[in-house]
Amino acid sequence: AVAIVLASAVMFPRVLLEVYAVSAELTWQAAWPFAGTAGAAFVMGAVMYRRIPRARSRGEGATEMKLENPFSLWGALKFAALFVLILFVSGTAVHYYQGAGIYVAAAVAGLADADSVALTAARLYRSAAIEREAAVNAIGLACLMNTVSKIGISAILGGPKLGAMVGSVLGAALAIGAVIHLLMP
């Protein structure tokens with residue numbers, strides 16, 4: 001659970017860095033909510049990590065996982081294909097549905113990947129195809145949906161107990177980020 005929470009927390013600063021590469025102005029608009037979400041997840045992950053020795057003393061242990069090469073060409077090609085698909089779908093949705101189209105595309109694509117949505121939204125903002133608020137909201141929605149999918153995968157593959165642990169921590173972190181976003185001018 002700790003690894004899932006910490007890996008999920010890393011997504012938020014990583015997405016900000018990606019958005020910064022395309023649009024620095026857009027990055028600053030999303031910085032506080034993303035920092036709040038990531039910070040909360042990191043703190044709660046650290047608390048979970050400190051509890052590991054007690055969990056092991058109760059006989060609760062880690063499970064084996066099969067790891068794959070993260071630098072494989074196949075992974076890069078899949079990301080590129082997903083990025084192009086999201087760019088096409090988002091552009092088409094924005095053309096026909098203006099701001100609402102980007103939200104639908106962000107929610108659906110965010111289930112699989114928040115990075116490509118963030119890059120697409122930043123690019124659409126930079127080209128003046130969407131407003132700043134729509135871009136920030138789309139990036140946030142993609143990260144929200146991606147986090148929800150991680151919680152679901154945790155519950156399905158790791159069981160209800162793992163899903164509940166991951167879900168409670170990431171849900172609280174998302175709530176903190178949402179409150180910060182709503183309090184911003």
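Check the entry above for the structure.
Keep in mind it's a predicted model, so treat the numbers as computed, not measured. (Residues numbered from 1 in each chain as written. Predicted model: local features only at pLDDT ≥ 70, side-chain atom pairs only at ≥ 80, totals over all residues. Heavy atoms only, no water.)

## A short note on a nonpolar patch on the surface
Together, Leu73, Trp74 and Leu77 make up a nonpolar patch on the protein surface, roughly 380 Å² of accessible area in all. Locating leucine 77 in the fold gives a position in helix α4 (residues 73-97). (Patch = residues over 30% accessible without salt bridge, like charges linked within 9 Å, V, L, I, M, F, W, Y side chains within 5 Å. Areas by Shrake-Rupley, 256 points an atom, 1.4 Å probe, with all protein chains shown as cover. Salt bridge = Lys/Arg side-chain N within 4 Å of Asp/Glu carboxyl O. Helix = DSSP H or I, 4+ residues; strand = E, 2+ residues; numbered from the N terminus.)

## Some thoughts on the pattern of salt bridges
Side-chain pairing between opposite charges can occur once the charged atoms of the two side chains come close. Applying the stated rule across the entire model yields 3 salt bridges. Close ionic contact of arginine 14 with aspartate 115 constitutes a salt bridge, the shortest N to O distance being 2.9 Å. Here arginine 14 is found in helix α1 (residues 2-22), whereas its partner aspartate 115 is found in helix α6 (residues 114-126), with 101 residues between them in sequence. The class of arginine 14 is partly exposed, set by a relative accessible area of 33%. Within the structure, one salt-bridge network assembled from shared partners comprises Arg14, Glu18 and Asp115. (Buried < 20%, exposed > 50% of the residue type's maximum accessible area, 1.4 Å probe, protein only.)

## Side note on empty space enclosed by the protein
Scanning the model with the defined rule gives 1 cavity of 30 Å³ or more in all. The volume enclosed by the largest cavity comes to roughly 40 Å³. Those elements that provide at least two residues to the lining of the largest cavity are α1, α2 (24-50) and α7 (132-158). Considering only residue class, the lining of the largest cavity consists of 8 nonpolar, no polar and no charged. (1 Å grid on protein atoms, 1.4 Å probe; cavity = no way out; pocket = protein on both sides within 12 Å on 5 of 7 lines; lining within 4 Å. Points joined across faces, edges and corners; volume = space filled by probe spheres on them. Nonpolar A, V, L, I, M, F, W, Y, C, P; charged D, E, K, R; others polar.)

## Structural notes on the nonpolar core
Ranked by size, the top nonpolar core spans 29 residues in total, and within it Val15, Leu26, Phe34 and Ile139 carry the most contacts. Counting only elements with at least two residues in this core, the list comes to α1, α2, α5 (99-110), α6 and α7. If near-sequence neighbours (up to four positions away) are discounted, valine 15 is found in contact with Phe34, Ala114, Asp115, Ala118, Ile139 and Cys143. Listed in part, the 11 residues of the second largest apolar core include Val2, Val5, Ile151 and Val166. (Core = buried A, V, L, I, M, F, W, Y, C linked by side-chain atoms within 4.5 Å. Contact = heavy atoms within 4.5 Å.)

## Let's talk about the packing of α1 against α6
Their axes nearest at 9 Å, the elements α1 and α6 cross at an angle of 30°. The orientation of α1 relative to α6 falls into the category roughly parallel. The way α1 lies across α6 gives a crossing that is right-handed. Facing α1, whose interface residues are Met11, Arg14, Val15, Glu18, Val19 and Val22, α6 presents Ala114, Asp115, Ala118, Leu119, Ala122, Arg123 and Arg126. Classifying every residue of the contact of α1 with α6 by side-chain character gives 8 nonpolar, no polar and 5 charged. (Axes fitted to C-alpha atoms, helices over the stretch in contact; angles between N-to-C directions. Parallel < 35°, antiparallel > 145°, perpendicular 65-115°, else oblique. Left-handed = near helix turned anticlockwise from the far one by under 90°.)

## As for the layout of surface pockets
A volume near 280 Å³ is recorded for the second largest pocket. Every residue lining the second largest pocket is counted, 16 residues in all, and those nearest its centre are Phe34, Gly140, Leu141, Ala178 and His181. Contributing elements (two or more residues each) for the lining of the second largest pocket: α2, α7 and α8 (160-183). Among the elements that line the lining of the second largest pocket, the one with the most residues is α7, at 6 residues. Of the residues that constitute the lining of the second largest pocket, the class distribution is 11 nonpolar, 5 polar and no charged.

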